[in-house]
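So you can see what is in the structure, the chains are spelled out below.
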Amino acid sequence: MVSFMALLTPEDLEDLLNKLRQSNETIKASTGKSITEICEEVYGTRPASQKVAIVPITAGNGIIGNFSSSLLAITEYFGLEGYITDHPDITGYHQAVSDGADILLMADDHMFIAHNLKNGKIAANHVCTGVIYSEIASRFIHAGSKDVLVIGLGRVGYAGAEHLVKKGFNVYAYDPNTEFMEKAIGELGVNAYDMNGPKQFSMVFEATPNANTISEGMIAERCLVSTPGIPCALPPELAENGDIDLVMEPLVIGAAAMLYSVF
Ligand code: NAD
Ligand code: 2YG
Ligand code: MG
């Protein structure tokens, strides 16, 4: 453990794992499957005793307190052996490779990757996050159609929209960025969502950095909102509505998908 990194307190760890358990309960209730089962089905992989090295990275805005420790906790949740390298950056990378680590996890401000050194697979967090959250939305057991609403077509949202199109869903999307909208319509064949139209969705995948991007008129009475975006897409009065299932979690679901994507 590096000295400059805030140690994960037992409370932090308990909280992280509690949030993961809570998210998992919601995912199970709304899709019928656990996060592990969904990852296995999406990526066709399972953990197989890989050794995971987490390399702290000081570039840009530098170390985020508890980031590495949280990755270690998720690694161990999937029954794998993991550790944080003693030093950050290239020195840590060298240690991980010299130690015979199978999978490296590391992030700078722009990219968060998992790299399996044994099979060559590499995963980007934004793609895996888009894929897994859109997949969760698309599995809503109470959905009455194959229509899915995608809000936000940035790095995460576009990857999710592409995944849903490939899976044969009818994707409706909205992003105020007209360049992203045109690309998604032209390259993916999504439908432009008309916010003022009457259409309401029971499956929503939201990936924006903004709050309150979902309003009452967009969603069916019984719906699943699956969103990696922080802060919450649902206004508080809607979030309190017991008929809206909400999957929202800041790190571990996306990190789990990254691991499965490189197993
Ligand atoms: P991005 O900046 O690439 O894209 C965000 C997009 O949202 C932009 O295209 C923007 O125009 C659009 N947008 C903003 N307001 C909107 C609105 N009201 N309606 C529709 N679209 C709107 O960001 P990103 O990398 O795709 O990340 C999206 C969010 O997900 C961020 O908050 C990021 O921190 C978060 N994130 C979470 C996890 C996780 O594990 N939970 C992982 C990765 C990213
Ligand atoms: O090693 C460290 O502690 C830092 N260099 C990690 C930096 C991570 C920056 N990335 C983000 O905060 C997210 N956009 C990606 C992580 C997904 C969870 N939201
Ligand atoms: Mg996540």
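Residues numbered from 1 in each chain as written. Chains lettered and ligands numbered in written order. Predicted model: local features only at pLDDT ≥ 70, side-chain atom pairs only at ≥ 80, totals over all residues. Heavy atoms only, no water.

## Some remarks on the overall build of the protein
Right, so step 1: Looking only at helices and strands, the protein has 9 helices and 11 strands in total.
Right, so step 2: Taken over the C-alpha trace, the protein has a radius of gyration of 19 Å; the compact-globule value for 263 residues is 18 Å, and the two agree within 12%.
Right, so step 3: With the principal axes as the frame, the protein shows a C-alpha extent of 60 × 40 × 35 Å.
Right, so step 4: Of all 263 residues assigned to the protein, the portion counted as buried reaches 51%.
Right, so step 5: The long-range fraction of contacts in the protein, counting pairs at least 24 apart against all pairs at least 6 apart in sequence, stands at 60%.
Right, so step 6: With 16 positive and 32 negative side-chain charges, the protein shows a spacing of 9 Å between the two charge centroids. (Helix = DSSP H or I, 4+ residues; strand = E, 2+ residues; numbered from the N terminus. Rg over C-alpha atoms; globule rule 2.2 N^0.38 Å. Buried < 20%, exposed > 50% of the residue type's maximum accessible area, 1.4 Å probe, protein only. Contact = heavy atoms within 4.5 Å. Lys, Arg positive; Asp, Glu negative; His and termini not counted. Charge placed at Lys NZ, Arg CZ, Asp CG, Glu CD.)

## Things to note about the site of ligand 2
Right, so step 1: Close to ligand 2 lie Pro56, Ile57, Gly62, Ile63, Ile64, Phe67, Ala107, Asp108, Phe112, Asn125, Pro250 and Leu251.
Right, so step 2: Interatomic distance of 2.8 Å between a backbone N/O atom of Ile57 and a nitrogen atom of ligand 2.
Right, so step 3: Between a nitrogen atom of ligand 2 and a main-chain N or O atom of Pro250, the distance comes to 3.1 Å.
Right, so step 4: Protein contact buries 74% of the 510 Å² of open area that ligand 2 shows by itself.
Right, so step 5: Along the lines of polarity and charge, the residues of the shell around ligand 2 split into 9 nonpolar, 2 polar and 1 charged. (Near = heavy atom within 4 Å. Polar contact = N/O pair within 3.5 Å; in protein donor to acceptor, adjacent residues only side chain to side chain. Areas by Shrake-Rupley, 256 points an atom, 1.4 Å probe, with all protein chains shown as cover. Nonpolar A, V, L, I, M, F, W, Y, C, P; charged D, E, K, R; others polar.)

## Comments concerning the packing of helix H2 (residues 35-43) against helix H5 (residues 125-138)
Right, so step 1: Across the interface, H2 lies against H5 with an axial gap of 11 Å and an inter-helix angle of 115°. Here H5 runs roughly perpendicular to H2, going by the angle between their axes. The interaxial crossing formed by H2 with H5 has right-handed handedness. Facing H2, whose interface residues are Ile35, Ile38, Cys39, Val42 and Tyr43, H5 presents Cys128, Val131, Ile132, Glu135 and Ile136.
Right, so step 2: Split by residue class, the contact of H2 with H5 holds 9 nonpolar, no polar and 1 charged. (Axes fitted to C-alpha atoms, helices over the stretch in contact; angles between N-to-C directions. Parallel < 35°, antiparallel > 145°, perpendicular 65-115°, else oblique. Left-handed = near helix turned anticlockwise from the far one by under 90°.)

## Notes on H2
Right, so step 1: For H2, the full list of buried residues reads Ile35, Ile38 and Cys39. Considered in projection along H2, the buried side chains sweep an arc of 100° and stay on one side of the axis. (Arc of directions from axis to C-beta.)

## Here we look at the sheet that holds strand S10 (residues 219-227)
Right, so step 1: Ordered in space as S8-S7-S6-S9-S10-S11, the 6 strands form an open sheet in which the pairing is parallel. Here the strands that pair on one side only, and so sit at the sheet edges, are strand S8 (191-192) and strand S11 (244-248).
Right, so step 2: Pairing of strand S6 (residues 147-151) with strand S7 (residues 170-174), which is carried by 5 bridges, proceeds in the parallel orientation. Each residue of the ladder has a partner; that of Val150, found in S7, is Ala173.
Right, so step 3: On the sheet, H5 packs against strand S9 (201-206), S10 and S11 and is oriented at approximately 170° with respect to S9. (Pairing = 2+ DSSP bridges.)

## Some points on the pairing of strand S4 (residues 112-116)
Right, so step 1: Taking burial as the measure, the 5 residues of S4 include 4 buried ones, the bulk of the element.
Right, so step 2: Bridge analysis of strand S3 (residues 103-107) against S4 gives 5 bridges, and the strand direction is antiparallel. If you follow Ile103 over to S4, its bridge partner there is Asn116.
Right, so step 3: In this structure, the hairpin formed by S3 and S4 is closed by a connection of 4 residues.
Right, so step 4: Of the pairings in the sheet, the one linking S4 to strand S5 (residues 122-124) comprises 3 bridges and is antiparallel in character. Paired with Ile113 across the bridge in S5 is Ala124.
Right, so step 5: Counting the residues in the hairpin turn of S4 and S5 gives 5 residues, including Gly120, whose phi is positive at 80°.

## Digging into the pattern of salt bridges
Right, so step 1: One pass over the full model with this rule turns up 11 salt bridges.
Right, so step 2: The salt bridge involving Arg139 is made with Glu41; its shortest N-O contact spans 2.8 Å. Taken as a pair, Arg139 in the loop between H5 and S6 and Glu41 in helix H2 lie far apart in primary sequence, 98 residues in all.
Right, so step 3: The residue Asp147 makes a salt bridge to Lys199 at a minimum N-O spacing of 2.7 Å. Residue Asp147 is found in strand S6, and its partner Lys199 is found in the loop between S8 and S9; the two are separated by 52 residues along the sequence. (Salt bridge = Lys/Arg side-chain N within 4 Å of Asp/Glu carboxyl O.)

## With respect to the state of the cysteines
Right, so step 1: Enumeration over the complete set of coordinates arrives at 0 disulfides.
Right, so step 2: With no disulfide partner, Cys39 has as its closest neighbouring cysteine sulfur the one in Cys128, 9.0 Å distant.
Right, so step 3: Using a relative accessible area of 0% as the deciding quantity, one classes Cys39 as buried.
Right, so step 4: Cys223 takes part in no disulfide bond, and the closest cysteine sulfur, belonging to Cys232, lies 12 Å away. (Disulfide = S-S within 2.5 Å.)

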